[in-house]
Amino acid sequence: MTTPASTPAPARTVALPGGLTVTIQEFGENTEGTGVLVLHGGAGPRTVAGISSALSEHVYVVTPTHPGFDGTPRPERFDTVADLAIAYLDLLDTLDLKGVMVIGNSVGGWIAAEMALRDNHGRIGALTLLNAVGIHAHMVENRVVDPRTMAPSDVSQLSFAKAEFRPDFASFTDEQRAAAGANQKTLAVYGGDHFTYDPKLRARLHRVTVPVLVVWGEEDGIAPLKYGRGYADSFPNGHFAPIPDAAHFPQIEALGATLGAIGDFVSTVVKPGETD
């Protein structure tokens, strides 16, 4: 799936422990030793470029491209969401960032949750999950749709509440189709047998001690609203913010409302009493 693109920030490659390299884009400047890490979903880094740029008006923002996406290298041994979580904790160590808010959309939210469970260096200060996947719903009607069984146009219909945001697949070049297909194959590697969730994750989230905001496009046909509420309820310090007139990508369809929800979360929960 491909969504409307924002102007990309310059990219650079960062070497991490174990020989892994990751491509990152940086928005704003690291002047305070803290920042926001923004993690994209299966549709690729373009889907979070807009929110990354907007957030950079207030804070340093780092947006990595998951290894294997958009033509970046992925070592064969690097093949789970847990691998991504550990790599991005290594990235925070390498950049020496503390008090970081990790924002993740879709599978990016899954990665963020896994990071919080493994953050033994105390780098993370808060999480924001945007229509995240990763947990298994108890009730069948609340479970995440498996897009592998659907035509791209049908997935797009479920992913966007507003027709103007849905990609026109008929206009794609062969190169664009190949790139989108390669990204989906990479996503399938990371997702594993269950693809959209880890059956054990939900029961582990009680160990996440940082505040968590779960933002949810109310019209999401991929991950239903009740699934989002259940996700928020799984965290000891979880908060839920539904976004009307948006679906699986609230940061695209309702950027202002999404930023507003994050701002309220920071001012009332993460840093109460502080002003920008």
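Quick note: structure is the one above.
Presented here is a report on the structure given in the accompanying data block. (Residues numbered from 1 in each chain as written. Predicted model: local features only at pLDDT ≥ 70, side-chain atom pairs only at ≥ 80, totals over all residues. Heavy atoms only, no water.)

As for its position among the elements, threonine 63 is in strand E4 (residues 61–65). Of the polar contacts made by the side chain of threonine 63, one reaches the side chain of serine 52; its length is 2.8 Å. Those residues in contact with threonine 63 that lie beyond four places of it in its chain are Thr23, Ile24, Gln25, Phe27, Val38, Val48 and Ser52. (Helix = DSSP H or I, 4+ residues; strand = E, 2+ residues; numbered from the N terminus. Polar contact = N/O pair within 3.5 Å; in protein donor to acceptor, adjacent residues only side chain to side chain. Contact = heavy atoms within 4.5 Å.)

Turning our eyes to something else, we now look at the side chain of histidine 66. Positionally, histidine 66 belongs in the loop between E4 and helix H2 (81–95). Engagement of the side chain of histidine 66 in a polar contact is seen with the backbone oxygen of histidine 40, the distance being 2.7 Å. When neighbours within four sequence positions are excluded, histidine 66 is seen to be in contact with Leu39, His40, Thr72, Leu84, Tyr88, Ile111 and Tyr190.

With mixed pairing, 8 strands are arranged side by side in an open sheet as E1-E2-E4-E3-E5-E6-E7-E8. The open sheet has two free edges, formed respectively by strand E1 (11–15) and strand E8 (238–243), since each of these has just one partner strand. Across the sheet, the mean angle separating the axes of adjacent strands is 25° when strand polarity is ignored. Judged from the 5 bridges that link them, E1 and strand E2 (residues 21–27) form a sheet pairing that is antiparallel. Bridge pairing in E2 places valine 14 opposite valine 22. Where helix H6 (residues 225–233) meets the sheet, its contacts fall on strand E6 (124–130), strand E7 (212–217) and E8, and the angle it forms with E8 comes to roughly 160°. (Pairing = 2+ DSSP bridges. Axes fitted to C-alpha atoms, helices over the stretch in contact; angles between N-to-C directions.)

Moving on: the environment of glycine 71. Checked against the element boundaries, glycine 71 lands in the loop between E4 and H2. Owing to a relative accessible area of 73%, glycine 71 belongs among the exposed residues under this scheme. For the pair glycine 71 and alanine 179, spaced 108 residues apart in sequence, the C-alpha to C-alpha distance is 7.7 Å. (Buried < 20%, exposed > 50% of the residue type's maximum accessible area, 1.4 Å probe, protein only.)

The next thing to look at is the pattern of salt bridges. Between side chains of opposite charge, pairing is possible as soon as their charged atoms come close. On inspection of all chains with the given rule, the structure shows 8 salt bridges. Residues glutamate 26 and arginine 12 are paired through a salt bridge, measuring 2.7 Å at the closest nitrogen-oxygen approach. On the criterion of sequence distance, the pair formed by glutamate 26 in strand E2 and arginine 12 in strand E1 is long-range, its members being 14 residues apart. On the accessibility criterion, glutamate 26 (25% relative accessible area) is partly exposed. Between arginine 123 and aspartate 96 there is a salt bridge, with the nearest N and O atoms lying 3.0 Å from each other. With a gap of 27 residues between them, arginine 123 in the loop between helix H3 (107–118) and E6 and aspartate 96 in the loop between H2 and strand E5 (100–105) connect regions that are remote in the sequence. (Salt bridge = Lys/Arg side-chain N within 4 Å of Asp/Glu carboxyl O.)

The phi angle at aspartate 70 is positive, at roughly 50°, despite the residue not being glycine. Summarising the element assignment, aspartate 70 is placed in the loop between E4 and H2. Aspartate 70 gets classed as partly exposed once you look at its relative accessible area, which sits at 36%. Positive phi, close to 60°, is recorded for aspartate 245, a residue that is not glycine. By the element assignment, aspartate 245 lies in the loop between E8 and helix H7 (250–253).

Glancing now at the packing of aromatic side chains. This model, assessed by the stated rule, comprises 6 aromatic pairs. With a centroid separation of 5.0 Å and 15° between ring planes, the pair formed by phenylalanine 160 and phenylalanine 249 is classed as stacked. Here the residue phenylalanine 160 occupies a position in the loop between helix H4 (152–159) and helix H5 (174–191), and phenylalanine 249 occupies one in the loop between E8 and H7, the gap between them amounting to 89 residues. By relative accessible area, which is 2% here, phenylalanine 249 ends up buried. Between tryptophan 216 and tyrosine 227, the ring centres sit 6.0 Å apart and the planes meet at 50°, which makes this aromatic pair tilted. (Phe/Tyr/Trp six-rings, centres within 6.5 Å; stacked < 30°, edge-to-face > 60°.)

Attention shifts here to H4. Buried within H4 are the following residues: Val155, Ser156 and Ser159. Mapping the buried residues of H4 onto a view down its axis gives an arc of 100°, with all of them on the same face. In this fold, the buried residues of H4 make contact with H7. (Arc of directions from axis to C-beta.)

Scope: geometric values only; no functional claims are made or implied.
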